[in-house]
Amino acid sequence: MIEPPSNVAVHMETALVGKPSSVFLVLSGPGGTGKSSLIRMWRDAEPDLGYVKNVTTRARRAPDSRSGVDDEDFFDFVTREEFRRLVEDGQLAQWVNPQEGYYSGTPLAPLLAAVAEGRDLVFDYTPQLFLNLQRAFPEQVVGVFVAPPSMEILRDRLSRRGAEEGANLQLKFNMGAQDMTYVDMHEYHVTNTDLPSTLEALQSILRAEKSRLRRSANLTEIYGSMRDPRQMLFYYDPTHTRVSTISPL
Ligand SMILES: Nc1ncnc2c1ncn2[C@@H]1O[C@H](COP(=O)(O)OP(=O)(O)OP(=O)(O)O)[C@@H](O)[C@H]1O
């Protein structure tokens, strides 16, 4: 019979399974790079995937027939007055004014509820929104920069989507070019060449983030209480003499 040391004995039947805290996985990058298409596919595959709609004052876009992305699945549309009230009442986790006269932001309450329950959320953001959210939820936020295979392909995707035209399309592309310069502020980079493999990469990132030891406070506590500095003596054996007994420290 193997006798465990007393500090381990109390844990012989404790399940060494983490209870990971929430991950807020932010897909960030230029508009038109494929973030909403990816989230739409992911939600189709996993209907329980956590997603919080943003609020925006911009006009609703017509559904994209190629990707099946419907603006209404991603935004609640409000007037500027309603938006102002949300800001003044402290109901937004963060908000931005990306174009003149147009505001968008994320409701705070569902994010706090997710943290309290350890649920994960995915977000579709520009780098600016990603950085705002990271400031508000530094423990939860993980930034994935979703890049287009090339700038030429980004321009094609933006044009084909048909949401913007003329000067607006040019503005969106120029903003996208600026977004590219924020890449080094993200933890991960995925190139959205084809949607299924990009989705696989995102799912793997979320899985890996859930396994980070620091997200499982319960495990850190269990392992911490098993720690015994004297155990290290068994590993350090510079004189090649096996230590079999320990004299009192
Ligand atoms: N891997 C891909 N291959 C080919 N086309 C793609 C791919 N990913 C996205 N697209 C197409 O590119 C267009 C833009 O995609 P989408 O609307 O998902 O981008 P977005 O990053 O969410 O943009 P925004 O942030 O402005 O909403 C869509 O028409 C979509 O079908």
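Above this text sits the structure in question.
Residues numbered from 1 in each chain as written. Predicted model: local features only at pLDDT ≥ 70, side-chain atom pairs only at ≥ 80, totals over all residues. Heavy atoms only, no water.

Here's the deal with the overall build of the protein chain
Then, number 1: From N to C terminus, the protein chain includes ten helices and eight strands.
Then, number 2: A total of 249 residues make up the protein chain; the buried ones form 39% of that total.
Then, number 3: Accessible area of the protein chain: about 14,700 Å², with a carbon and sulfur share of 53%. (Helix = DSSP H or I, 4+ residues; strand = E, 2+ residues; numbered from the N terminus. Buried < 20%, exposed > 50% of the residue type's maximum accessible area, 1.4 Å probe, protein only. Areas by Shrake-Rupley, 256 points an atom, 1.4 Å probe, with all protein chains shown as cover.)

Some points on the site of the ligand
Then, number 1: Close to the ligand lie 20 residues, the nearest being Gly-32, Lys-35, Ser-36, Ser-37 and Asp-64.
Then, number 2: Note that an oxygen atom of the ligand is positioned 2.6 Å from one of the side-chain N or O atoms of Ser-37.
Then, number 3: About the coverage of the ligand: the protein hides 88% of its 640 Å² of free accessible area.
Then, number 4: Contributions of two or more residues to the shell around the ligand are made by helix H2 (35-45) and helix H6 (151-161).
Then, number 5: With three residues, the top contributor of residues to the shell around the ligand is H2.
Then, number 6: In the shell around the ligand, the residues fall into two nonpolar, nine polar and nine charged. (Near = heavy atom within 4 Å. Polar contact = N/O pair within 3.5 Å; in protein donor to acceptor, adjacent residues only side chain to side chain. Nonpolar A, V, L, I, M, F, W, Y, C, P; charged D, E, K, R; others polar.)

Here we look at the side chain of Thr-106
Then, number 1: In this structure, Thr-106 sits in strand S5 (residues 102-107).
Then, number 2: At 2.7 Å, the side chain of Thr-106 and the side chain of Gln-94 are in polar contact.
Then, number 3: Sequence-distant contacts of Thr-106, that is, excluding residues within four places in its chain, are made with Val-52, Asn-54, Gln-91, Leu-92, Ala-93, Gln-94, Leu-111, Phe-123 and Tyr-125. (Contact = heavy atoms within 4.5 Å.)

Quick look at the sheet that holds strand S4 (residues 92-99)
Then, number 1: Sheet architecture is open: four strands sit in the order S3-S2-S5-S4, paired in mixed fashion. Pairing within the sheet leaves two strands with one partner each, and these edge strands are strand S3 (75-77) and S4. Taken over all neighbouring pairs, the strand axes of this sheet differ in orientation by 25° on average, direction set aside.
Then, number 2: Alignment of strand S2 (residues 54-56) against S3, held across three bridges, turns out to be parallel. Among the inter-strand pairings, Asn-54 is bridged to a residue of S3, identified as Phe-75.
Then, number 3: This element, helix H3 (residues 80-88), spans S2, S4 and S5 of the sheet and lies at about 140° to S4. (Pairing = 2+ DSSP bridges. Axes fitted to C-alpha atoms, helices over the stretch in contact; angles between N-to-C directions.)

Let's talk about the pattern of salt bridges
Then, number 1: For the structure shown, the criterion picks out nine salt bridges.
Then, number 2: Among the ionic pairs, Arg-212 bridges to Glu-209, the shortest N-O distance being 2.9 Å.
Then, number 3: Here Glu-209 ties to Arg-215 by a salt bridge, and the two come within 2.9 Å at their closest N and O atoms. Both residues of the pair, Glu-209 and Arg-215, count as buried. (Salt bridge = Lys/Arg side-chain N within 4 Å of Asp/Glu carboxyl O.)

Some points on the side chain of Ser-216
Then, number 1: Examined against the element boundaries, Ser-216 turns out to sit in the loop between helix H8 (195-210) and helix H9 (217-226).
Then, number 2: By relative accessible area, Ser-216 is classed as buried at 4%.

Focus on the pairing of S5
Then, number 1: By the criterion of burial, S5 is predominantly enclosed, with five of the six residues buried.
Then, number 2: Sheet topology places S2 next to S5; two bridges connect them, and they run antiparallel. Note that in S5 the partner of Thr-56 across the bridge is Ser-104.
Then, number 3: Bridge count for S4 against S5 is five bridges, and the pairing is antiparallel. If you follow Gln-99 over to S5, its bridge partner there is Tyr-102.

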